Amino acid sequence: MRNRRDEAFTAFMAARYSSLLRTATLLTGGRPRAEDLAQEALLRTYRAWHRIGRLEAAEAYTRTTMVRLLVKDRRRRWHTEIPAERLPELPGPGHEEQVATAVAVRELLRTIPPAQRAVLVLRFYHQFTEREIADVLGCSPGTVKSRAARALATLRAEGFSTTSVPDRAIRERGHADD
């Protein structure tokens, strides 16, 4: 039975790790913290695998776990130099603009509190409804609306125009550093 569970979990990780890591990168604003967040969430998913039941529910469970870990985790603030894990590849045409936009989006997301950041990532990157976000965060749809409004107001105050980068661009820019 354990062997079957391990095989199912390994298949889930092979299929969905990249997607989960992109979400974690948007949530945390950086690759090293994103990897830590994704790994902690996957560890908790593995421990709960017998309760999850369906493979389709595993990604939602892991994503919800990542959001909840991020919102609750205010202790791990690392503000020092982080070495690159690999040397960058030679950029292709348009790469500089993509990277600049990705960096700008992540930097802007870092300026807002984790709960507000989670709302924006779930809304604009994953295209969740307010009800789905409320379920993930364990709050009311009204709280989701107010967090989104405050987050967007903060981003506008920082000079970010919500019409300058469409939803599609935010989703694509999350992939720029993979």
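Trainee: Got a minute to help me understand the packing of helix 6 (residues 114-125) against helix 7 (residues 130-137) in this structure?
Mentor: Working note: a packed helix pair is described by the angle between its axes plus the distance between those axes. Between helix 6 and helix 7, the least distance of the axes is 10 Å, while the angle of their chain directions is 135 degrees. Taken together, the axes of helix 6 and helix 7 lie oblique to each other. Of the two possible hands of crossing, helix 6 and helix 7 adopt the one that is right-handed. Of helix 7, the residues touching helix 6 (which contributes Ala115, Ala118, Val119, Leu122 and Arg123) are Ile133, Val136 and Leu137. Here the residues of the contact of helix 6 with helix 7 sort into seven nonpolar, no polar and one charged.

Trainee: Any chance you could explain the pattern of salt bridges here in plain terms?
Mentor: A side chain with one charge can pair with a side chain of the opposite charge if their charged atoms come near. Using the criterion set out here, one finds seven salt bridges in the structure. Of the charged contacts in the structure, one is a salt bridge between Glu35 and Arg31, with a shortest N-O distance of 3.4 Å. Separated by four residues within a single helix, Glu35 and Arg31 lie in helix 2 (residues 31-47), roughly one turn from each other. The shortest N-O distance in the salt bridge between Arg44 and Glu40 comes to 2.9 Å. Placement of the pair is Arg44 and Glu40 together in helix 2, with a separation of four residues, close to one helical turn. According to the relative accessible area criterion, Arg44 is partly exposed, its value standing at 39%. Counted as one network, the salt bridges with shared partners bring together Arg16, Glu59 and Arg63.

Trainee: I tried to follow the side chain of Arg63 on my own but got confused; where do I start?
Mentor: Structurally, Arg63 can be placed in helix 4 (residues 55-72). Other than its neighbours up to four places away in sequence, Arg63 contacts Leu20, Thr23, Leu122, His126 and Phe128.

Trainee: Sorry if this is basic, but what is going on with the packing of aromatic side chains here?
Mentor: Aromatic ring pairs are described here by two measures, namely the spacing of the ring centres and the angle between the planes. Scanning all chains against the criterion turns up four aromatic pairs. Summarising the aromatic geometry, the rings of Phe9 and Tyr46 are spaced 5.1 Å apart at their centres and angled 70 degrees between planes, so their arrangement reads as edge-to-face. Here Phe9 is found in helix 1 (residues 2-28), whereas its partner Tyr46 is found in helix 2, with 37 residues between them in sequence. Assigned by exposure class, Phe9 and Tyr46 land together as buried. The ring of Phe124 is capped by Arg123, whose NZ or CZ atom sits 5.8 Å from the centre of that ring.

Trainee: Is there a simple way to think about the environment of Ala24 in this case?
Mentor: Among the secondary structure elements, Ala24 is positioned in helix 1. Here the alpha-carbon distance between Ala24 and Ala34, two residues ten residues apart in the chain, equals 4.6 Å. Among residues more than four places away in sequence, those in contact with Ala24 are Gly29, Ala34, Leu37, Ala38 and Met66.

Each value, and the rule that gives it
- Positions within a chain are numbered from 1, following the residues in the order the chain's sequence is written.
- The predicted nature of this model means local features are confined to residues of pLDDT at least 70 and side-chain atom pairs, given and counted, to a pLDDT of 80 or more, with totals for whole chains, interfaces and linings taken over all residues.
- Calculated side-chain values reflect all of the structure's heavy atoms, with hydrogen atoms and water omitted.
- Only the stretch in contact is used when fitting a helix axis, every axis being a line fitted to C-alpha atoms; angles between N-to-C directions are given from 0 to 180 degrees.
- Here a helix means four or more residues in a row that DSSP labels H or I, a strand means two or more in a row labelled E, and each is numbered from the N terminus.
- Here roughly perpendicular refers to angles of 65 to 115 degrees, roughly parallel to angles under 35, roughly antiparallel to angles over 145, and oblique to all remaining angles.
- Rotating anticlockwise by less than a right angle from the far helix to the near helix defines a left-handed crossing, while the corresponding clockwise rotation defines a right-handed one.
- Here, residues are in contact when the closest pair of their heavy atoms is within 4.5 Å.
- Here the term charged refers only to Asp, Glu, Lys and Arg, the term nonpolar to Ala, Val, Leu, Ile, Met, Phe, Trp, Tyr, Cys and Pro, and the term polar to all other amino acids, Gly among them.
- Salt bridge criterion: a side-chain nitrogen from Lys or Arg within 4 Å of a carboxyl oxygen from Asp or Glu.
- Classification of residues uses two cut-offs on accessible area relative to the type maximum, computed with a 1.4 Å probe and protein chains only: under 20% is buried, over 50% is exposed, and between them is partly exposed.
- Stacked, edge-to-face and tilted labels apply to pairs of Phe, Tyr and Trp rings (six-membered ring for Trp) whose centres lie within 6.5 Å, assigned for plane angles under 30 degrees, over 60, and everything in between, in that order.
- Two thresholds decide whether a charge sits over a ring: the Lys NZ or Arg CZ must be within 6 Å of the ring centre and within 35 degrees of the ring normal.

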